[in-house]
Amino acid sequence: MELNRRNFIKFLVGGVVGIQATPLPWKITDDAAIWTQNWPWVPDPAEGAFSEAESVCTLCPGGCGISVRKVEDRAIKIEGRTDYPINPGGICPVGAGGLQLLYDETLRFTGPMKRVGMRGKGEFVPISWDEAFKVLGDRLSGLRRKGSPEQVAAIDGNQRQTTMSVLIERFMQAVGSPNHVRTPSIEDTYRMGNFLMQGTESTMAYDLENADYVLSFGCGLLEGWGAPGRVMNAWGLWHEGHPEKRSATITQVESRASNTASKADYWIPPRPGTEGALALGLAHVIIQEGLCDDGFLKEHTFGFEDWNSFSGRVHTGFKTMVLKQYSPQRVAKITGVEQKSIVSLARHFAKAKAPVAIYGKGKDGQNGSLYEFMAVHSLNALVGGINRAGGVLVPEALPLRSLPPVNPDAIASRGLSRARLDKAGTPAYPFAHSLINNFADAIKSASTSPIDTLLVFSANPAFTVPDGGDFQEALKRIPFVVSFSPYRDETANMADLVLPDSTYLEKREDVVWPVGLQYPFYALSNPVLSPIYDTRNTGDVLMELANAMGETVGSAFPWEDYEEVVKIRAKGLFEAGGGRMTYDPALPVWEQTKEKTAKPGYNDFDELWDNLLAGGFWYRPGNANRGWDDLFTTPTGRFEFFSKKIADRIESASNQSSTETVLKQMGITVGEDEACMPHYEAVVSETDRAQYPLQMMPYEMINLASGWVPSPPFLYKTIFDHQLLKDESFAAINPVTAAEYRLRDGDRVAVQSPAGQVTVRINLFEGAMPGIVYLPLGFGHTGYDEFIKGKGINPNSIVSAGADPLSGEPVWWNTPVRLIKV
Amino acid sequence: MKNRGDSPDKRGGWLFFLAGLIGALIIGWVIFPMVLYSKQEQPVNFNHALHLNPDIGIEGETQQEQCRFCHRFRDDGTFAGIPKNNTCTMCHDDPEFPITKSPDEKKYLTEYVAEDKEVPWLIYSRQPDCVYFSHIAHVEMGEIGCETCHGDFAENKTLPVYEENRLTGYSRNIWGKRISGLYWDKKPWDRMKMDDCAECHTEHGQEQNNACFVCHK
């Protein structure tokens, strides 16, 4: 009975046998399996009541209606709203992935912060809102006391006319700085072109849904141009046809076989930057073959025929210029498009019942070329497609009420009288309101930064401005940078102080007339949930800051909060009358636009306001088709092929220097008359073409955000291996070009431009034009979280092609480059 | 040669074997379940019997109606489960004025209602996330009473102790009460594993509902 080795083994055997007859081994095995399903990082769905919150997406200016599904206070899914006129049910991939922008706390700021590490490293420590207000308020007040309020600058990425943008503008006025600079977008080009040809500063109202021939000059219809939800819906209508109606023909003019080009009926690839010449070549054929709408040209346009000024001088008209200079032979040479294609395209377009020529460059996040836009828009006038269903409508402006003017004090008045740093509005750039490229250049080239404090709102210029890294350089030189971004973007990482905005699902924000929409539209987002971190609506923050600064700055903001300002402005909608706030899919807005009048869909302002607060919208379709009286507000009261405003500016500037000098300053290489009309300008690059024989053009994708809002990390899962592989992005080049450089698919190359170089891999793509290197936009972040940063390169960092004539905005589609195999 | 079979050592050896065997049985049947499950008291001791007393508590023609007064279905048909404060405060709305002298009510009012905090109830019957279970399909379409699966809570003056599996985090009521699977007196609230669901479906002639996707969406 002693415990020896043998007995001990017997004891153990007994234990082993016994344990088999208990639940222990079997239960442990099963529980271990279940345990593996419940590791802490396995997502745990929220429990509770389901609900739907209706709102509006403000991630881009497209303004799609969204319905957010929630479980208790947790948002779990974003879908398109079916009761919404812009995007009946549809939504883009960025919008669908928007929850990651809300819940990914490594992507956003969780409260006010101040920088502790090196600039650009993104190392911050939390501070209180009170401290943040004090630091910033003291700095701004200090600059005012010093008498140099113009050393404050604001970069504003909000769309014009949004309440946020109006408040920023107002804040800058009250502080006393003229340096309120907007980030570029296609809206700038539309606004300037519309102003010059039609007299109003609103967006282009393209009646896409009623068109039967859509001639798109570079609009990424399937890549996110305009309001993506609306354009995708229109694409469906064009292809499947309206009930009992024919469908539309789509011709895409673009050098690369983008998704839009691949799926269009016809694809015409001109060399990038020569689209304007192609449009004028089409105009030549239309005029020469007598396919124009003579009635419209005679009654409603100015400058088509040659004309005499009061002094008796004969001016060249559009017709003479086009017939003389833009023959299909010449245009074929400039653009690389075959003559017969030019002729047949012109005939198809002009003979369609409801043709529309639309202009864009990829998505709407970057500017286009002003003369190119004017050339394309002149096609609409030639065929009488203006103020006609299926063409370009000329609606009245959105009737938002103006806020009372700011009364700047003496300091502010002095500051406001100083010249803008970006030279917008000067004789060289008479129609530009903002030129961010000039702004960066001025700071970069000065010995000490003329800007002391930079405020950045809804923008990430360090990443998005196509300037070869100029803005980044400028940022490094500005002593104090303040970011109001909700996200840890590249610009915010350079900031000394961060006062984070709430994300779009946590705050009110208005949507003002989405890009390209044919009717006035206004909507207000409805906070789907209260801010989940210590963030605040920048509208409220700005008012509190102004009040903390006291003096006259505070008195410019007598309102309680952002919402009250929105309410005041919205009163204008009610006063204008005739709006609607409901949408019936059976009677879409593009059908309603043909109605002459519309009854209002509400009885009093309170009803309108309550509707807006609940994620509602306001639109006025009946006003889209107007009579001809007072339609065009140009100096001649007509549609102007020959812009009197350009002529005026040239003339007034010519008082001080010769006309040639004035034109040269504007970047124009043609004569005075031609400068007032749409014409083709070869973008002159100072770089030796022999040194950089190829041309780089960035391109955009629907499933990757390329603007200031980050891409939800989910979207990186939708990227193909020929766009991004591990951490490298790809340049798409034609196999012919690849053969010249002895490059094979997958080779690593350095793309060098005068502004710098990036390393990418080669993707051989038949749809790329020979001689052009296409780089995807949206990659190459150094900010945000581990899923976004360090993936690929940002083509904006090597853009170098000068400024667009007349508008002065960056030319980002024509960078001379060379390829060196690595 | 010595006959090893007759040695006292050998006979004694079997006792060691037996000791190991019995020890293992005790560990497996008694100690293991004690170690595996943590015992937790509910934050507030809710008295079902009191609330369901028709004279003083919740009214209702049938017991199910009474149950569903608090454990209600939402408008979209989903089951709200354990009621939240907004249900309780239909009666217990003022922290200053308790309805009874019960210390439990006082605790509820001062710690939760007054603080505007939800009670972190421990839920006996919560299925894993991978299981889709529709109460309304069983209660309305299947006409199964609440007590069939959850037992007669109506009689309970105190809430049972909640036992949680330390390894899986699931309640013991899901799987653990009938740990051997050999009990003759089977109660649905002892064990709610997939086999139990399937067995009941089959008994009620609902074999089609044993298909995977019915519960695992």
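This is a predicted model, so every value here is computed, not measured.

The rules behind these values
Residues numbered from 1 in each chain as written. Chains lettered and ligands numbered in written order. Predicted model: local features only at pLDDT ≥ 70, side-chain atom pairs only at ≥ 80, totals over all residues. Heavy atoms only, no water. Helix = DSSP H or I, 4+ residues; strand = E, 2+ residues; numbered from the N terminus. Rg over C-alpha atoms; globule rule 2.2 N^0.38 Å. Buried < 20%, exposed > 50% of the residue type's maximum accessible area, 1.4 Å probe, protein only. Contact = heavy atoms within 4.5 Å. Lys, Arg positive; Asp, Glu negative; His and termini not counted. Charge placed at Lys NZ, Arg CZ, Asp CG, Glu CD. Core = buried A, V, L, I, M, F, W, Y, C linked by side-chain atoms within 4.5 Å. Pairing = 2+ DSSP bridges. Axes fitted to C-alpha atoms, helices over the stretch in contact; angles between N-to-C directions. Polar contact = N/O pair within 3.5 Å; in protein donor to acceptor, adjacent residues only side chain to side chain. Buried area = accessible area lost by both parts, 1.4 Å probe. Salt bridge = Lys/Arg side-chain N within 4 Å of Asp/Glu carboxyl O. Nonpolar A, V, L, I, M, F, W, Y, C, P; charged D, E, K, R; others polar. Phe/Tyr/Trp six-rings, centres within 6.5 Å; stacked < 30°, edge-to-face > 60°. Lys NZ or Arg CZ within 6 Å of the ring centre and 35° of its normal. Patch = residues over 30% accessible without salt bridge, like charges linked within 9 Å, V, L, I, M, F, W, Y side chains within 5 Å. Areas by Shrake-Rupley, 256 points an atom, 1.4 Å probe, with all protein chains shown as cover. Expected span 1.5 Å × (residues − 1). Arc of directions from axis to C-beta. Parallel < 35°, antiparallel > 145°, perpendicular 65-115°, else oblique. Domains from an automatic or database assignment. Disulfide = S-S within 2.5 Å. Left-handed = near helix turned anticlockwise from the far one by under 90°.

Draft legend 1. Main features of the overall build of chain A. Within chain A, the regular secondary structure consists of 29 helices and 30 strands. Relative to the globule expectation of 28 Å for 822 residues, the C-alpha radius of gyration of chain A, 29 Å, shows essentially globular dimensions. On the principal axes, the C-alpha backbone points of chain A span a range of 135 × 65 × 60 Å. Each of the 822 residues in chain A was classed as buried or not, and the buried ones make up 62%. Counting contacts in chain A only where the partners sit at least 6 residues apart, residues at least 24 apart contribute 73% of the total. The positive charge centre, built from 79 side chains, and the negative charge centre, built from 96, are 4 Å apart in chain A.

Draft legend 2. Representation of the nonpolar core within the structure. Ranked by internal contacts, the top residues of the largest apolar core, which has 96 residues, are Y206, L215, F217, F318, L379 and L382 of chain A. Sequence-distant contacts of L382 of chain A, defined by excluding residues within four places in its chain, comprise A283, I286, I287, C292, D293, L297, F304, F318 and F641 of chain A.

Draft legend 3. The arrangement of the sheet that holds strand 22 (residues 617–619) of chain A in detail. All names here are of chain A. The three strands are arranged 20-21-22 in an open sheet whose pairing can be described as antiparallel. Each edge of the open sheet is held by one strand with a lone partner, namely strand 20 (510–512) and strand 22. Strand after strand, the sheet turns through a mean of 10° between neighbouring axes, direction not considered. Of the pairings in the sheet, the one linking strand 20 to strand 21 (residues 521–524) comprises three bridges and is antiparallel in character. When the bridges of strand 21 are listed, V511 appears paired with A523. Each of strand 21 and strand 22 touches helix 25 (residues 605–613); the most contacted strand, strand 21, lies at about 65° to it.

Draft legend 4. Local environment of the side chain of N179 of chain A. Residue and element names in this part refer to chain A. Position of N179 relative to the elements: it lies in the loop between helix 6 (163–175) and strand 7 (180–182). A polar atom in the side chain of N179 sits 2.8 Å from the backbone nitrogen of L421. Residues within four places of N179 in sequence aside, it is in contact with E150, V152, A153, A154, M172, A419, R420, L421 and I451.

Draft legend 5. Region of the structure containing the interface of chain B and chain A. Each partner contributes residues to the interface: chain B has 34 residues there, and chain A has 32 residues. Approximately 2900 Å² of surface area, both sides summed, lies buried where chain B meets chain A, with 65% of it carried by carbon and sulfur atoms. Here chain B and chain A share three salt bridges between them. Note that K193 of chain B is salt-bridged to D30 of chain A, the shortest N-O span being 2.6 Å. At the boundary of chain B with chain A, the tally comes to eight residue pairs in polar contact (both at pLDDT 80 or more). In terms of residue count, helix 1 (residues 8–36) of chain B provides more of the side of chain B that touches chain A than any other element does, 18 residues in total. Considering only residue class, the side of chain B that touches chain A consists of 17 nonpolar, eight polar and nine charged.

Draft legend 6. Examining the packing of aromatic side chains more closely. Residues and elements named next belong to chain A. Tallied over the full model, the rule gives 42 aromatic pairs over all chains. Members of the aromatic cluster, each reached through a chain of ring pairs, are F296, F304, F318, W628, F632, F639 and F641. For the cation-ring pair, R330 lies above Y326, with the distance from its terminal atom to the ring centre recorded as 5.5 Å.

Draft legend 7. Fine view of the pairing of strand 10 (residues 249–253) of chain A. Residue and element names in this part refer to chain A. Here strand 10 lies mainly inside the structure; four of its five residues are buried. Strand direction decides the pairing type here: strand 9 (residues 213–219) and strand 10, joined by five bridges, are parallel. Of the residues in strand 10, the one forming a bridge with L215 is T251. Direction of pairing for strand 10 relative to strand 11 (residues 266–268): parallel, over a ladder of three bridges. Residue pairing for strand 11: T251 is matched across the bridge by Y266.

Draft legend 8. Geometry of the sheet that holds strand 11 of chain A. Residues and elements named next belong to chain A. On the basis of which strands lie adjacent, the open sheet formed by four strands has the order 11-10-9-15 and parallel pairing. Two strands close off the open sheet at either side, each with one partner strand: strand 11 and strand 15 (355–362). Neighbour-to-neighbour, the strand axes of the sheet open up by a mean angle of 20°, direction not taken into account. Each of strand 9, strand 10, strand 11 and strand 15 touches helix 14 (residues 339–351); the most contacted strand, strand 9, lies at about 130° to it.

Draft legend 9. Structural context of a negative patch on the surface. Residue and element names in this part refer to chain A. Negative charge collects at one region of the surface, where D604, D606, E607 and D610 lie side by side. Mapped onto the elements of the fold, D604 is located in the loop between helix 24 (589–592) and helix 25. D604 sits in the partly exposed class, given a relative accessible area of 37%.

Draft legend 10. View of helix 5 (residues 129–145) of chain A. All names here are of chain A. In this model helix 5 runs 24 Å from its N-terminal to its C-terminal C-alpha over 17 residues, within 8% of the 24 Å that 1.5 Å per residue would give. Regarding helix 5, the residues found buried are W129, A132, F133, L136, G137, L140, S141, L143 and R144. Down the axis of helix 5, the buried set is contained in an arc of 155°. They therefore lie on one face. In helix 5, those exposed residues whose orientation departs by more than 90 degrees from the buried face are D130, K134 and R145. Positive phi shows up at G147, right after helix 5, with a value of about 80°.

Draft legend 11. Highlighting the pairing of strand 29 (residues 772–776) of chain A. All names here are of chain A. Counting buried positions over the five residues of strand 29 gives five, a clear majority of the element. Where burial is concerned, the two faces of strand 29 agree: the one with I772, Y774 and P776 and the one with V773 and L775 are both buried. The pairing of strand 24 (residues 694–699) with strand 29 spans five bridges and is classified as parallel. Across the sheet, residue M696 finds its bridge partner in strand 29, namely V773.

Draft legend 12. Quick peek at helix 19 (residues 470–477) of chain A. All names here are of chain A. For helix 19, the set of buried residues is D470, F471, A474 and L475. The arc that holds every buried residue of helix 19, seen down its axis, measures 140°, which confines them to one face. Those residues of helix 19 that are buried are in contact with strand 6 (152–156), helix 17 (436–445), strand 17 (453–457), helix 18 (461–464), strand 18 (480–483) and helix 20 (490–493).

Draft legend 13. Focus on the pattern of salt bridges. Residues and elements named next belong to chain A. Using the criterion set out here, one finds 45 salt bridges over all chains in the structure. D496 is the partner of R119 in a salt bridge, and the nearest nitrogen-oxygen pair spans 2.6 Å. Highlighted residues: R119 in the loop between strand 4 (113–115) and strand 5 (124–126) and D496 in the loop between helix 20 and strand 19 (497–498), separated in sequence by 377 residues. Classification of D496 by relative accessible area gives buried; the value is 10%. Residue E275 is joined to K361 by a salt bridge in which the shortest nitrogen-to-oxygen separation is 3.7 Å. A residue pair is termed long-range when its members are at least 10 positions apart, and E275 in helix 10 (residues 275–288) and K361 in strand 15 qualify at 86 residues. Grouping residues by exposure puts E275 and K361 together as buried.

Draft legend 14. Quick look at the packing of helix 6 of chain A against helix 23 (residues 562–576) of chain A. All names here are of chain A. Orientation of helix 6 relative to helix 23, taken along the N-to-C sense of each, is 105°, at an axis distance of 10 Å. Between helix 6 and helix 23, the angle falls in the class roughly perpendicular. On the side of helix 6, the interface is formed by T163, M164, V166 and L167, while helix 23 contributes Y562, V565, V566 and R569. Of the residues belonging to the contact of helix 6 with helix 23, the class tally is six nonpolar, one polar and one charged.

Draft legend 15. Structural view of the domain arrangement of chain A. Domain assignment breaks chain A into domain 1 (5–37), domain 2 (645–674) and domain 3 (694–821). Centre-to-centre separation of domain 1 of chain A and domain 3 of chain A, based on C-alpha positions: 61 Å.

Draft legend 16. Up close: the state of the cysteines. Residues and elements named next belong to chain A. Summed over all chains, the structure comprises zero disulfides over all chains. C60 carries a free sulfur, and the closest cysteine sulfur to it, the one in C92, is 6.2 Å from it. Judged by relative accessible area, C60 falls into the partly exposed class, the value being 33%.

Draft legend 17. Fine view of the environment of T582 of chain A. For T582 of chain A, the location among the structural elements is in the loop between helix 23 and helix 24. Apart from the residues within four sequence positions on either side, T582 of chain A is in contact with F617 and Y619 of chain A.

Draft legend 18. Quick look at the packing of helix 7 (residues 186–197) of chain A against helix 15 (residues 370–382) of chain A. All names here are of chain A. With their axes 9 Å apart at the nearest point, helix 7 and helix 15 run at an angle of 55° to one another. For the element pair helix 7 / helix 15, the angle class is oblique. Where helix 7 crosses over helix 15, the two elements pack in a sense that is right-handed. Counting all contacts with helix 7, which are made through T189, Y190, M192, G193, N194, L196 and M197, the residues of helix 15 involved are L370, F373, M374, H377 and S378. Of the residues in the contact of helix 7 with helix 15, the class split is seven nonpolar, five polar and no charged.

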